[in-house]
Amino acid sequence: MIVTCPNCTKKNRIPAARVDQMAKCGNCARELSATGQPVAVNGSDFQDLVDNSPLPVLVDFWAPWCGPCKMVAPEIDKLAQQLDGKVVVAKLDTEQHPQVAQQEGVQGIPMFAMYEGGKRTSTQTGYMNAEQLARAFELKVK
């Protein structure tokens, strides 16, 4: 998956199997974390991440035209910060990757799905704030 360096803004690839480890930016050598902020995933990144991540993965299925998706975006950012090091928070644009949305049975957005060990363990649909999402997925936040 691709993580943007907060120092130099260069994009860095972090293998899904190592999302629980710190990485270094290939440009400026600053330490990078794949957690603590939502990461955008495409179709192949999605499958690699849910199949190989040593951490649970919470995916936000969204679309740019969706009002509730826009409203929940800051809540997803907040939740990712609160779950730093415990859960990978990913975002998948269903407009750009409709085949993944269809494969995952997305019928309404925003839809949130939790994956552990390559399997979906739970799903929620509709707007929720960070606290409600944490409760819905039984996540312990900082």
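Only a predicted model underlies this, so the values are computations on that prediction, with no experimental measurement involved.

So, how was this worked out
Residues numbered from 1 in each chain as written. Predicted model: local features only at pLDDT ≥ 70, side-chain atom pairs only at ≥ 80, totals over all residues. Heavy atoms only, no water. Helix = DSSP H or I, 4+ residues; strand = E, 2+ residues; numbered from the N terminus. Rg over C-alpha atoms; globule rule 2.2 N^0.38 Å. Buried < 20%, exposed > 50% of the residue type's maximum accessible area, 1.4 Å probe, protein only. Arc of directions from axis to C-beta. Contact = heavy atoms within 4.5 Å. Core = buried A, V, L, I, M, F, W, Y, C linked by side-chain atoms within 4.5 Å. Pairing = 2+ DSSP bridges. Phe/Tyr/Trp six-rings, centres within 6.5 Å; stacked < 30°, edge-to-face > 60°. Lys NZ or Arg CZ within 6 Å of the ring centre and 35° of its normal. pLDDT = per-residue confidence, 0-100.

In terms of helices and strands, the protein chain carries four helices and nine strands. Listed N to C, the secondary structure of the protein chain is β-β-β-β-β-α-β-α-β-α-β-β-α in terms of helices and strands. Relative to a compact globule of 142 residues, whose C-alpha radius of gyration would be 14 Å, the protein chain shows 14 Å and is just as compact. With the principal axes as the frame, the protein chain shows a C-alpha extent of 40 × 35 × 30 Å. A burial count over the protein chain gives 44% of its 142 residues as buried.

Here helix H1 (residues 43–52) has its buried residues at Gly43, Asp45, Phe46, Leu49 and Val50. Buried residues of H1 fall within an arc of 160 degrees about the axis and therefore sit on the same side. Where the residues of H1 are buried, they touch strand E2 (11–13), strand E6 (57–62), strand E7 (88–93), helix H3 (98–103) and strand E8 (111–116).

Attention now moves to the nonpolar core. If you look at soluble globular proteins, the nonpolar side chains tend to sit buried side by side. Counting 29 residues, the largest nonpolar core has Phe46, Leu49 and Phe61 as the members making the most contacts within it. Residues within four places of Phe61 in sequence aside, it is in contact with Phe46, Leu92, Thr94, Val100, Glu104, Val106, Ile109, Pro110, Met111, Ala113 and Tyr115. With 16 residues, the next largest nonpolar core counts Phe112, Met114, Met128 and Ala130 among its residues.

Spatially, five strands are ordered E5-E7-E6-E8-E9 in an open sheet, and the strand pairing comes out mixed. Here the strands that pair on one side only, and so sit at the sheet edges, are strand E5 (39–40) and strand E9 (119–125). By the bridge criterion, two bridges tie E5 to E7 in an arrangement that is parallel. Within E7, the residue paired with Ala40 across the bridge is Lys91.

Considering all chains together, one arrives at two aromatic pairs under this definition. Look at Phe46 and Tyr115: their rings are 5.6 Å apart centre to centre, the planes differ by 85 degrees, and that puts the pair in the edge-to-face class. Residue Phe46 is located in helix H1, and its partner Tyr115 is located in strand E8; the two are separated by 69 residues in the primary sequence. In textbook terms, an aromatic cluster arises when at least three aromatic residues are bridged by ring pairs, as seen for Phe46, Phe61 and Tyr115. Between Lys91 and the ring centre of Trp62, over which it is positioned, the NZ or CZ distance is 5.2 Å.

When pLDDT is averaged along the protein chain, the result is 94; 99% of the residues meet or exceed 70. Within the protein chain, the lowest mean pLDDT, 87, falls on strand E1 (residues 2–4), and the highest, 98, falls on E6.

Our next topic: unusual backbone geometry. Across the junction of Ile109 and Pro110, the peptide omega takes the value 0 degrees, indicating a cis bond. Assignment of secondary structure puts Pro110 in the loop between H3 and E8. Despite not being glycine, Ala29 shows a phi value in the positive range, around 70 degrees. With respect to the secondary-structure elements, Ala29 resides in the loop between strand E3 (23–24) and strand E4 (31–32). In this structure, Glu138 takes a positive phi of about 50 degrees despite not being glycine. By the secondary structure assignment, Glu138 is in the segment after helix H4 (130–136).

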